[in-house]
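Here's the letter readout for the chains.
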Amino acid sequence: MKVKDGIIGFVVGDALGVPVEFHSRNELRMEPVVDMREYGTYNQPKGTWSDDSSMTIATMTSIINKKGIDYTDIMDEFIKWMDNAEHTPHDEVFDIGSTTSRGLNRYKEGCDALKSGGTSTHDNGNGSLMRVLPLAYIEGIDYETIENVSALTHGHERSKIACVLYVEIAKSMLSNEGLSIAEHIENSNEKIMDYYKDCEELDYFYRIFENDYSEGIRSGGYVIDTLETVTYCLKNTDNYKDAVLKAVNFGGDTDTNAAICGGLAGIYYGYDSIPVDWINEIVKIDELLALCEKYEAFCDESQQNH
């Protein structure tokens with residue numbers, strides 16, 4: 001299973017993107033990211049990861065502690081991150097999305113965990129997509145559970161479908177060796193289209209389903225833009241390093257796009273494909289690897305009991 005393939009791949013992509021978040025494509029065309037940088041947008045040391053990884057870590061921590069998915073406990077771990085800077089690289093929260101913040105504050109005010117996430121069309125940022133990768137490792141995970149984990153902060157159908165599609169691609173990579181990246185994505189697309197066949201929200205995914213990026217890649221924080229960026233980068237590279245650098249150098253929401261791309265690229269190409277120099281730069285890498293081992297042990301145990 002090798003949880004560390006995807007999770008460390010994710011964190012490395014995140015850290016690559018942090019220093020240049022919000023930089024324009026033109027800026028990065030002039031001075032592209034080719035290696036791990038320091039300072040930049042948030043004035044953080046090299047190897048610093050963002051809210052993307054913090055919320056992923058919080059999710060894994062809850063699942064390990066509760067030996068399964070407990071929505072309230074996941075939210076409690078998110079609050080520990082937001083309010084107390086737990087699960088952060090430097091005991092500091094320096095980035096949090098507006099939809100995520102509103103959802104967590106609604107929960108703090110007494111809202112049920114599953115009703116805390118925003119449900120308007122304006123609540124379709126990539127803030128739930130960026131933290132659902134751990135679910136791909138759980139044997140028998142169903143679409144409703146993935147949707148519910150999204151709904152903790154992002155409750156609109158579009159965000160929930162995006163999370164299901166991402167997890168489905170990851171699951172395909174974990175269980176069907178020998179397929180190309182394009183085949184993994186295509187097979188996952190077919191499952192999503194079949195499952196949600198009567199849902200009008202599928203219209204927003206058509207460029208991914210049709211492999212049609214002719215209108216160009218929009219690499220902002222909108223959940224559809226992120227999925228398009230990630231699938232395009234994966235299909236148009238043949239190794240981990242090039243995939244995540246392509247995602248970063250599109251500009252915009254560089255950390256999240258590279259993290260989500262890095263998670264899948266890590267699974268597909270393996271941990272050893274991630275440049276060791278980048279891994280060694282990651283803050284708290286030993287703690288992250290230990291967490292991956294604990295999470296893998298949980299997943300192995302749950303698989304035996306499934």
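For the structure, check the block above.
These remarks concern the structure in this document. Remember, it's a predicted structure, so these values are computed and weren't measured experimentally.

Quick word on the overall build of the protein
Thinking step 1. A tally of regular secondary structure across the protein gives 14 helices and zero strands.
Thinking step 2. For 306 residues, the compact-globule formula gives about 19 Å, and the C-alpha radius of gyration of the protein, at 17 Å, lands near that figure.
Thinking step 3. Across its three principal axes, the protein shows a C-alpha extent of roughly 45 × 45 × 40 Å.
Thinking step 4. Here the protein holds 306 residues, and 58% of them are scored as buried.

Digging into the packing of helix H11 (residues 240-249) against helix H12 (residues 254-269)
Helices that pack against each other are described as a pair by the angle of their axes relative to one another and the distance between those axes.
Thinking step 1. Put simply, H11 and H12 touch, their axes get as near as 8 Å, and they point 165° apart. Regarding the angle of H11 to H12, the classification is roughly antiparallel. Judged by the twist between their axes, the crossing of H11 over H12 is right-handed. Residues Tyr240, Ala243, Val244, Ala247 and Val248 of H11 pack against Thr254, Asn257, Ala258, Cys261, Gly262, Ala265, Gly266 and Tyr269 of H12.
Thinking step 2. Here the residues of the contact of H11 with H12 are counted per class, giving nine nonpolar, four polar and no charged.

Examining helix H14 (residues 285-305)
Thinking step 1. The end-to-end C-alpha separation of H14 is 30 Å, in line with the 30 Å expected for 21 residues at 1.5 Å each.
Thinking step 2. Buried positions along H14 lie against helix H1 (3-17), helix H3 (51-66) and helix H13 (276-281).

Regarding unusual backbone geometry
Thinking step 1. Residues other than glycine seldom take positive phi values, yet asparagine 43 does so here, at roughly 55°.
Thinking step 2. The backbone phi angle of histidine 87 is positive, close to 65°, even though this residue is not glycine.
Thinking step 3. Note on placement: histidine 87 falls in the loop between helix H4 (71-84) and helix H5 (98-108).

Quick look at the packing of aromatic side chains
Any pair of aromatic rings gets described here by the distance separating the centres and the angle formed by the planes.
Thinking step 1. A complete count under the given rule lists eight aromatic pairs for this structure.
Thinking step 2. Both rings, one in tyrosine 143 and one in tyrosine 195, keep their centres 4.7 Å apart while their planes meet at 80°; by these two values the pair is edge-to-face. Placement of tyrosine 143 in helix H6 (residues 143-151) and of tyrosine 195 in helix H8 (residues 181-195) is noted, with a sequence separation of 52 residues between them.
Thinking step 3. Owing to a relative accessible area of 12%, tyrosine 143 belongs among the buried residues under this scheme.
Thinking step 4. Ring centres of phenylalanine 205 and phenylalanine 209 lie 6.0 Å apart, and the angle between their planes is 20°; on these two criteria the pair is classed as stacked.
Thinking step 5. Here the aromatic residues Tyr143, Tyr195 and Tyr196 are joined through ring pairs into a cluster of three or more.
Thinking step 6. Of note, arginine 158 hangs over the ring of tyrosine 204, and the distance from its end group to the ring centre comes to 3.6 Å.

Notes on the pattern of salt bridges
Thinking step 1. Under the defined criterion, the tally for this structure stands at 11 salt bridges.
Thinking step 2. For glutamate 157, the salt bridge goes to lysine 160, with nearest N and O atoms at 3.9 Å. A residue pair is termed a helical-turn pair when its members lie 3 or 4 positions apart in one helix, as glutamate 157 and lysine 160 do in helix H7 (residues 157-175) at three residues.
Thinking step 3. Look at glutamate 157 and you get partly exposed, because its relative accessible area is 28%.
Thinking step 4. Notably, a salt bridge pairs arginine 158 with glutamate 201, separated by 2.6 Å at the nearest N-O pair. Of the two residues, arginine 158 is situated in helix H7 and glutamate 201 in the loop between H8 and helix H9 (206-209); the sequence distance between them amounts to 43 residues. We note that arginine 158, like glutamate 201, is buried.
Thinking step 5. Because the salt bridges share partners, they merge into one network encompassing Arg207, Glu215, Arg218, Asp225 and Glu228.

Calculation criteria
- Residues numbered from 1 in each chain as written.
- Predicted model: local features only at pLDDT ≥ 70, side-chain atom pairs only at ≥ 80, totals over all residues.
- Heavy atoms only, no water.
- Helix = DSSP H or I, 4+ residues; strand = E, 2+ residues; numbered from the N terminus.
- Rg over C-alpha atoms; globule rule 2.2 N^0.38 Å.
- Buried < 20%, exposed > 50% of the residue type's maximum accessible area, 1.4 Å probe, protein only.
- Axes fitted to C-alpha atoms, helices over the stretch in contact; angles between N-to-C directions.
- Parallel < 35°, antiparallel > 145°, perpendicular 65-115°, else oblique.
- Left-handed = near helix turned anticlockwise from the far one by under 90°.
- Contact = heavy atoms within 4.5 Å.
- Nonpolar A, V, L, I, M, F, W, Y, C, P; charged D, E, K, R; others polar.
- Expected span 1.5 Å × (residues − 1).
- Phe/Tyr/Trp six-rings, centres within 6.5 Å; stacked < 30°, edge-to-face > 60°.
- Lys NZ or Arg CZ within 6 Å of the ring centre and 35° of its normal.
- Salt bridge = Lys/Arg side-chain N within 4 Å of Asp/Glu carboxyl O.

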